[in-house]
Amino acid sequence: MTTLDTRSNPLGADVQGGTEPLWKRYLPGHHWRTADEEFDACTLGFWLFLATEVLLFAGLFCGYTIMRFKFPQAFANGSSYLDWRWGTLNTVVLLLSSYTMAASIRAFQMDRQSHGRRLLAATFVFGLCFLLIKFTFEYTPKLSGWFIAFDPALSHYTELVDNKALGGLFHHVAGYGGKAPGQFFSYAFSEDPWEPLWWSIYYCATGIHALHVIIGMTLIAWCFRRALFFKAYGPSHYTMVENTGLYWHLVDLIWIFLFPLLYLIH
Amino acid sequence: MSTPHAAAPEVFDELDPHGMGAYTKHSHHIVSGMTLKSILIILLAFTAITVGAAQAEKFIETSLHIELPRWVNVIVAMSIATVKASLVLMFFMLLRYSNPINTVVFLFCLLAFALFLFFTLLDLGTRGMINPIKAHQVEAGGIGGIRAGWRADAPIINQAPVVFWRERKIAEVGIDEYNRMKSILSHPHEGHGAPAVSSGNMSINRPGITPGLFSAVAPAAHDEHAPHGASPAPHGAPDAPAHSPAAAPASAEPAKH
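Residues numbered from 1 in each chain as written. Chains lettered and ligands numbered in written order. Predicted model: local features only at pLDDT ≥ 70, side-chain atom pairs only at ≥ 80, totals over all residues.

Section: the overall build of chain A
On a plain count of helices and strands, chain A comes out with eight helices and three strands. Relative to the globule expectation of 18 Å for 266 residues, the C-alpha radius of gyration of chain A, 23 Å, shows a markedly less compact shape. Projected onto the principal axes, the alpha-carbon positions of chain A cover approximately 75 × 45 × 25 Å. Taken over 266 residues, chain A has a buried fraction of 38%. Contacts in chain A between residues far apart in sequence, at least 24 positions, make up 68% of those at least 6 positions apart. (Helix = DSSP H or I, 4+ residues; strand = E, 2+ residues; numbered from the N terminus. Rg over C-alpha atoms; globule rule 2.2 N^0.38 Å. Buried ≥ 20, exposed ≤ 12 C-beta atoms within 10 Å, placed from the backbone. Contact = placed C-beta atoms within 7 Å.)

Thoughts on the packing of helix H6 (residues 113-144) of chain A against helix H7 (residues 195-230) of chain A
When two helices pack together, their arrangement is captured by the angle between the axes and the distance separating the axes. All names here are of chain A. Between H6 and H7, the shortest axis-to-axis distance is 10 Å and the interhelical angle comes to 155°. When the axis of H6 is compared with that of H7, the two are roughly antiparallel. Remark: the crossing between H6 and H7 carries left-handed chirality. Every residue of H7 that contacts H6 at Gln113, Gly116, Arg117, Leu120, Ala121, Thr123, Phe124, Gly127, Leu128, Phe130, Leu131 and Lys134 is listed here: Thr206, Ala210, Val213, Gly216, Met217, Ile220, Ala221, Cys223, Phe224, Ala227 and Leu228. (Axes fitted to C-alpha atoms, helices over the stretch in contact; angles between N-to-C directions. Parallel < 35°, antiparallel > 145°, perpendicular 65-115°, else oblique. Left-handed = near helix turned anticlockwise from the far one by under 90°.)

Some remarks on the interface of chain A and chain B
Interface size is often expressed as the accessible area that is lost when the parts come together. Each partner contributes to the interface: chain A provides 41 residues, whereas chain B provides 46 residues. Within the residue set of the side of chain A that touches chain B, elements represented by two or more residues are helix H3 (35-70), helix H5 (84-109) and helix H8 (239-263) of chain A. The leading source of residues in the side of chain A that touches chain B is H3(A), at 15 residues. In terms of residue class, the side of chain A that touches chain B is made up of 26 nonpolar, nine polar and six charged. (Nonpolar A, V, L, I, M, F, W, Y, C, P; charged D, E, K, R; others polar.)

Topic: the sheet that holds strand S2 (residues 161-165) of chain A
The pairing of strands in a sheet happens through backbone hydrogen bonds and is either parallel or antiparallel. Residues and elements named next belong to chain A. In spatial order, the strands read S1-S3-S2; together these three strands make up an open sheet with antiparallel pairing. What marks the edges here is a single partner per strand, and that holds for strand S1 (146-148) and S2. Neighbour-to-neighbour, the strand axes of the sheet open up by a mean angle of 30°, direction not taken into account. (Pairing = 2+ DSSP bridges.)

Take it as geometry only, folks, not as evidence of what the structure does.
Here it is, written out as structure tokens:
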């Protein structure tokens, strides 16, 4: 006699003494006629949430439009400080991660557990690469003037290196830093009075996007844990990994628009 | 499609008396691995194309010295991004295979975004535009098409009304009498002439009028203690209208009198 609701309780495995994977034991909520209905409702709810996410970024894109319309030269100048090669690399990294995410859902749909987990882990690692590239090669030098020693851009500024730290791992280029948003701006070699505005838009857009990458990575790590310990996802139940995938693809979708708008203007 | 019109269930189901289950039951679509790989390759190719297009535009402008219209850059980049986004939405986010209501939700959200952008651009894009019909009436500070007086047959002022009425009064009474009248009429008080106390408005940024902000030489020292009447651009001085009325509307200071 089992009256305990064990369908989503991982400990249920011990209670029932079974070794069935969680996805096989999963039953839809009692208020749903079928598991498909539950899946559809969850997915629809997640799409509604994604719509609000798009509208969050819509505000940013609208702000971008207004500022670029009014101060095109500041945006062209500001964009020229960014290296399109890092932007392209990050785009490729995110596209690859989107692929591994979609492939991981496919693997769970076909009950290929270890393959699905490997692809989830790959997605996580790609996300981490994206953040590392962003912070190491883009944010840090522009804000502070500190370059990591193997940054290829550093070779242009060897004459201006005035300080080194952590045993030569970081090099400081005099005058390079200070490209900060708004009132924190202190870069002395600007050519347009509105460049601080460009940096406000840049850090706001990429910063909120990076926050979404971090949230997406957290969800992926959580999915990985559930897949590893409980085999939570399989052919008949994979809602969480599906919705995590949707979130991750949205992050990719936003970057697809941010990349040309920030890196490829002139 | 995921909601096929199925025949009515043959066996009566108490929990589903209207047979609605037929509209929600569907097998979950598994996208083929080949499709996913192809989409990835297409996306990477489009990334290369958008970067290549931007480089080509830069090359045309810097090496060939052909100035492209400003919209080319945006239109090319956004078109490619839209194609990429559609591919991600259809195949990675499974909109092509999932319940169509999800697509409706997303498209509605895009509609809201489009409205948002449309009205913003409608305003921004037309700020510099002058309706050709009104062009002959447009003057700095002018309202356009107003008449000199209440009568319907009064001549249309093709000038800022401030300037029109000042010039008419000067022509009528002469500049000396005008100045005498003005000195009586516009004694300095709140809103006219030099402010007696500091105003919150003084802290508003006036970008573009700070002398020497972006010039190589240091800007002239600003004497904060000088009386307002002694500043280079006197506002509200009793003899203000003595300068050319024609130049008044073009001056950076808003017309006070």
